[in-house]
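One letter stands for each residue in the lines below.
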Amino acid sequence: SPVDFPINPTINGTNVTPFTGFKNYIINGNFDVWQRGTSQTSSDYGSDDRWYNGSIGSTKTHSQVACTDTERALFNASKFSRTVVSSVAGADNSVLKFQHIEDVTKLAGKTVTVSFLAKADSNKNIAIEFIQNFGSGGTPSAIVNGVGSQKVALTTTWQKKTITVTLPSIVGKTLGTDGVYT
């Protein structure tokens, strides 16, 4: 069951591409760069650059798909990422695609809007979730999971989806000493 994403992200209504003069929060949002390969079945960074494609107890394939002329006009991209889930054996199993946004301090306490286009082979739901990770080393605070977790209904036609959440403040949180917090 494929789910397709040509993400042209916006944050707080601003298109975050290299040409806007703002620092990118989502890198390779149009799935233009695939240096490691054009498909993968493993859980890791193995195809679409900067995107982690994974699964827990499920079988899936993430792959690059060339846009049709109509799709290219719709979302101004030459390709998109398709995820085909071939098995989900248990209730707690999942398939995921995520990207780390560097430095948990940048968007903490702010309202963030993520917009994307998506479709599926049949009507189904996906979930969007933000996570705050405070790094490792020393005594960092625990990861904050499930921030703004929302189900998003997909249909068989391309639709723009917009998710707005206010990320928690990190006041009172301790960052790890490794300098890697997302």
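The structure presented is a predicted model; accordingly, all values stated were derived computationally and were not measured.

Rules used throughout
- Residues numbered from 1 in each chain as written.
- Predicted model: local features only at pLDDT ≥ 70, side-chain atom pairs only at ≥ 80, totals over all residues.
- Heavy atoms only, no water.
- Helix = DSSP H or I, 4+ residues; strand = E, 2+ residues; numbered from the N terminus.
- Buried < 20%, exposed > 50% of the residue type's maximum accessible area, 1.4 Å probe, protein only.
- Contact = heavy atoms within 4.5 Å.
- Areas by Shrake-Rupley, 256 points an atom, 1.4 Å probe, with all protein chains shown as cover.
- Pairing = 2+ DSSP bridges.
- Salt bridge = Lys/Arg side-chain N within 4 Å of Asp/Glu carboxyl O.
- Polar contact = N/O pair within 3.5 Å; in protein donor to acceptor, adjacent residues only side chain to side chain.
- pLDDT = per-residue confidence, 0-100.
- Lys, Arg positive; Asp, Glu negative; His and termini not counted.

1. Some words on the overall build of the protein chain
Helices and strands together make up the secondary structure of the protein chain, namely 1 helix and 12 strands. Each helix and strand of the protein chain, placed in order from N terminus to C terminus, yields the pattern β-β-β-β-β-β-α-β-β-β-β-β-β. Buried positions account for 37% of the 182 residues belonging to the protein chain. Pairs at least 24 apart in sequence give 64% of the contacts found in the protein chain among residues at least 6 apart. If you sum the accessible surface of the protein chain, you get close to 9600 Å²; carbon and sulfur atoms cover 52% of it.

2. With respect to the pairing of strand 9 (residues 111–120)
Within strand 9, 9 of the 10 residues are buried, leaving the element largely enclosed by the surrounding structure. Note: strand 9 against strand 12 (residues 159–166), 8 bridges, orientation antiparallel. Paired with alanine 118 across the two strands is glutamine 159, which belongs to strand 12.

3. Some details on the pattern of salt bridges
Using the criterion set out here, one finds 5 salt bridges in the structure. Put simply, arginine 72 and aspartate 69 hold a salt bridge, and the shortest N to O gap is 2.7 Å. Pair noted here: arginine 72 and aspartate 69 are both in helix 1 (residues 69–75), with a separation of 3 residues, about one helical turn. According to the relative accessible area criterion, aspartate 69 is exposed, its value standing at 62%. One salt bridge connects lysine 124 with aspartate 121, and the closest N-O pair in it is separated by 2.8 Å.

4. Quick word on the environment of glycine 176
Inspection of the secondary structure assignment puts glycine 176 in the segment after strand 12. We classify glycine 176 as buried; its relative accessible area is 8%. Separated by 40 residues in sequence, glycine 176 and serine 136 place their C-alpha atoms 4.5 Å apart.

5. Topic: the side chain of aspartate 48
Turning to its location among the elements, aspartate 48 is positioned in the loop between strand 4 (39–40) and strand 5 (52–56). In terms of polar contacts, aspartate 48 uses its side chain to reach the side chain of serine 47, at 2.9 Å. At a separation of 2.7 Å, a polar atom in the side chain of aspartate 48 contacts the side chain of asparagine 53. Ignoring anything within four residues of it in the chain, the contact list for aspartate 48 reads Asn28, Phe31, Val33, Trp34, Gln40, Asn53, Ser81 and Lys97.

6. Structural notes on the confidence of the model for the protein chain
With 87% of its residues at a pLDDT of at least 70, the protein chain reaches an overall mean of 86. Least confident of the elements in the protein chain is strand 3 (residues 14–15), whose mean pLDDT is 50; most confident is strand 4, at 96. For residues 16–22, every residue scores under 50 in pLDDT, and the model assigns this stretch 12 contacts once sequence neighbours within four places are set aside.

7. Comments concerning unusual backbone geometry
Even without glycine at this site, phenylalanine 31 takes up a positive phi of about 55°. Relative to the helices and strands, phenylalanine 31 resides in the loop between strand 3 and strand 4. Exposure remark for phenylalanine 31: the relative accessible area of 0% places this residue in the buried category. Even without being a glycine, aspartate 103 presents a positive backbone phi close to 75°. Note on placement: aspartate 103 falls in the loop between strand 8 (94–98) and strand 9. A relative accessible area of 25% places aspartate 103 in the partly exposed class.

8. Things to note about the side chain of lysine 60
Inspection of the secondary structure assignment puts lysine 60 in strand 6 (residues 58–66). One buried charged side chain, lysine 60, makes no salt bridge at all; its nearest oppositely charged neighbour is aspartate 48, positioned 9.4 Å away. A distance of 2.9 Å separates a polar atom in the side chain of lysine 60 from the backbone oxygen of threonine 41. A polar contact is formed between the side chain of lysine 60 and the backbone oxygen of serine 42, at a distance of 2.6 Å. The residues touching lysine 60, leaving out its near neighbours within four places in the chain, are Gln40, Thr41, Ser42, Ser43, Asn53, Gly54, Ser55, Val84, Val85, Ser86 and Val95.

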